[in-house]
Amino acid sequence: MAKKRVVIDPITRIEGHLRVEVVVDDDNVVTDAYSSATLWRGIEVIVKGRDPRDAGFMTGRICGVCTYSHYRAGIIAVEDALGIKPPLNAELTRTLMNEVLFFHDHVVHFYQLHGLDWVDIFSALKADPMKASKLAFKYVPDGYEPLATGADELSEVQKKITEFAKRGDLGPFKNAYFGHKTMRFSPEQNLIALSHYLKTLEIQRIAAQAMAIFGGKNPHPQSLTVGGVTCIMDLQDPSRLGEYLTRFQQVADFVNRAYYADIVMAAEAYRNEPSVTQKTNLGNFIAHQEFQIGKKEWLLNASGYIKDYDLTKFYPIDESKIEEDVTHSWYQDTGYRHPYNGETIPEYTGYVDGKSIDGKGNLVNTKVADPKGKYSWIKSPRYDKEPMETGPLATIVVNYAKGDKKVQKIVNDFLAKTGLPAEALFTVLGRTAGRMLQAKLIADDGLTAFNSLVENLKSDQSTVTPYKIDADKEYKGRFIGEAPRGTLSHWCRIKDGKIENWQAVVPSTWNAGPVDAEGKKGAYEVNLIGMKLADTAKPLEVIRSIHSYDPCIACAVHVMDVKGKKLGEFKVDPLYGACSV
């Protein structure tokens, strides 16, 4: 069979610079795939030689989206190295900030970043608002009423978007594949989701405000310090606690009355769309304990993994088995390395000449990934030499396998409401649902941390643990936990009172890394294989699958050549988003 290559560069509506190439046969079935990060950053190099107490403020700049995740990771990695245990008030405050970060990230991801893979706004303009309003009641959880779906509200949404379109520029809705054969929402379902898309613009602001109450600002909060937190005055002020509580409840209400309902609706509409319900090709999932909600209690309690889709067996993590490989990454190959001993030495080789299908279906000359060479700035993390998928779905299935009752209940309730089998979790639909289920878990039980904090403050006002750094000692430590996109770890070595080495292994590195030395592909690549494209000139199926991971390439690539060597040149067409190398 003839092989054709489709290059999507860049993948838009994500954080960072990512290109994905798929090879398809005569039936437009994907036979191979390559995930390639095309831009790099320099945080791991920048923190070397610095005072460890400054690391968190620098690692927080790895990404402009999950700033708090890397900020917290940088702080806790140093605490772990120095043997510091922060006071309970500090631990719980960090959890409260983390919970609203997850809220913010997940709702923005589904609606603003992933939504147009599911929602056709032109179809929504043809909907009957009264019919849509009645339909919305079908999808909400028991005991809730739908949000922003009154007939008058939906009519106003149609009016607003119609006027917007008449101006001749669709703005954030531009360049979507409306009318694509794999879009399955009815006009009324599209209108419901479109209304929630607009509502999210308000909700994400409320979530950001909740973060800023204890963090000082958002993005890039500044209240964490090695040893604890600095927002003692906010914690002692009942009105500030009340402001957080109100905002948390507003976002949690949106999760239950809109976000949950829309995923149930997607499960109904897309249950017979193969590109959405095709089982993934990688059945290994890894996750870590997260969200301390009491002295010895965690909302997500499992640090472990599952293999081969098996929800009946849970395996604990052995951190010594975490390594990174760079066989097909633009770095000098130093073999599999544990992050404590990680090296990041750039070796850019670029792409090779080839041909691909353009947006009009024509075969054109282009640069393509060399399957025998290096083709990405992202490394390839492995656990015991095996690729793993991480992310909200991983936290759900790993905690489910460990027997977490709260997780099992929300999963079983969702499966019962949608009529889907447990196997449906291991699909694009399941991955998208996993992110929502994680948000629902926080919405339903996350305030346990708030109540624990209020109770503890009655007898304990401490927020920081004192410590000293001995310049004559060598230290090593790590943070490992969950960020909105999955398992995140930062690993540091401290010598002579300064940082000697720093490595960050992030969720999008786990998922987006290229094939490793043993020929094993990461999650992005392997899970595209076998997918059939309806139209190679409009590869929505590929984009929908990649978007389901919520890629963050800025997080995944964090090194530069400090000697000033030119490693590559990139030109982006501002009108069409095309990128050439």
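As the structure is a computational prediction, the values presented were derived from the model and not from experiment.

Ranked by size, the top nonpolar core spans 177 residues in total, and within it Val-22, Trp-118 and Tyr-259 carry the most contacts. For this core, the element with the most residues is helix α10 (residues 238-270), which contributes 18 residues. Other than its neighbours up to four places away in sequence, Trp-118 contacts Phe-110, Met-183, Phe-185, Asn-190, Ala-266, Tyr-270, Val-276, Val-428, Leu-429, Thr-432 and Arg-544. Ranked by size, the runner-up nonpolar core spans 11 residues in total, among them Tyr-383, Met-388, Trp-491 and Trp-510.

Right, let's talk about the sheet that holds strand β16 (residues 486-495) for a bit. One open sheet holds the 3 strands; their spatial order is β15-β16-β17, and the pairing between them is antiparallel. The strands lining the two open edges of the sheet, one partner per strand, are β15 (475-483) and β17 (498-505). Direction aside, the axes of adjacent strands within the sheet are offset by 15 degrees on average. Where β15 and β16 come together, 9 bridges link them in antiparallel fashion.

Scanning all chains against the criterion turns up 30 salt bridges. Two residues, Glu-290 and Arg-72, come together in a salt bridge whose shortest N-O distance is 2.9 Å. Note that Glu-290 is positioned in strand β7 (residues 290-292) and Arg-72 in helix α3 (residues 67-82), a separation of 218 residues in sequence. Accessibility classification places Glu-290 together with Arg-72 in one group, the buried group. A salt bridge links Asp-253 to Arg-257, with the shortest nitrogen-to-oxygen separation between them at 2.9 Å. Placement of both Asp-253 and Arg-257 in helix α10 is noted, with a separation of 4 residues, approximately one turn of the helix. Salt bridges linked by common partners bring Arg-5, Asp-9, Arg-19 and Glu-21 together as one network.

On to the environment of His-547. Residue placement: His-547 occurs in helix α18 (residues 540-547). The spacing of His-547 and Ala-193 is 354 residues in sequence and 17 Å in space, taken between C-alpha atoms. When near neighbours in sequence (up to four residues on either side) are disregarded, His-547 contacts Ile-11, Thr-12, Arg-13, Ile-14, His-109, Leu-113, His-114 and Asp-117.

A word on the pairing of strand β12 (residues 352-357). In this structure, β12 lies alongside strand β13 (residues 363-368), joined through 6 bridges in antiparallel fashion. Bridged to Asp-353 within β13 is Lys-367. Linking β12 to β13, which pair antiparallel, is a turn of 5 residues; within it Gly-361 sits at a positive phi near 85 degrees.

This part is about a negative patch on the surface. A grouping of Asp-152, Glu-153, Glu-156 and Glu-163 is seen on the molecular surface, where their side chains present a negatively charged patch. Inspection of the secondary structure puts Glu-156 in helix α7 (residues 151-166). Overall, the relative accessible area of 43% leaves Glu-156 in the partly exposed class.

Glancing now at the side chain of Arg-94. Tracing the sequence through the fold places Arg-94 in helix α4 (residues 88-113). A distance of 3.3 Å separates a polar atom in the side chain of Arg-94 from the backbone oxygen of Thr-225.

Rules used in this analysis
Residues numbered from 1 in each chain as written. Predicted model: local features only at pLDDT ≥ 70, side-chain atom pairs only at ≥ 80, totals over all residues. Heavy atoms only, no water. Core = buried A, V, L, I, M, F, W, Y, C linked by side-chain atoms within 4.5 Å. Buried < 20%, exposed > 50% of the residue type's maximum accessible area, 1.4 Å probe, protein only. Helix = DSSP H or I, 4+ residues; strand = E, 2+ residues; numbered from the N terminus. Contact = heavy atoms within 4.5 Å. Pairing = 2+ DSSP bridges. Axes fitted to C-alpha atoms, helices over the stretch in contact; angles between N-to-C directions. Salt bridge = Lys/Arg side-chain N within 4 Å of Asp/Glu carboxyl O. Patch = residues over 30% accessible without salt bridge, like charges linked within 9 Å, V, L, I, M, F, W, Y side chains within 5 Å. Areas by Shrake-Rupley, 256 points an atom, 1.4 Å probe, with all protein chains shown as cover. Lys, Arg positive; Asp, Glu negative; His and termini not counted. Charge placed at Lys NZ, Arg CZ, Asp CG, Glu CD. Polar contact = N/O pair within 3.5 Å; in protein donor to acceptor, adjacent residues only side chain to side chain.

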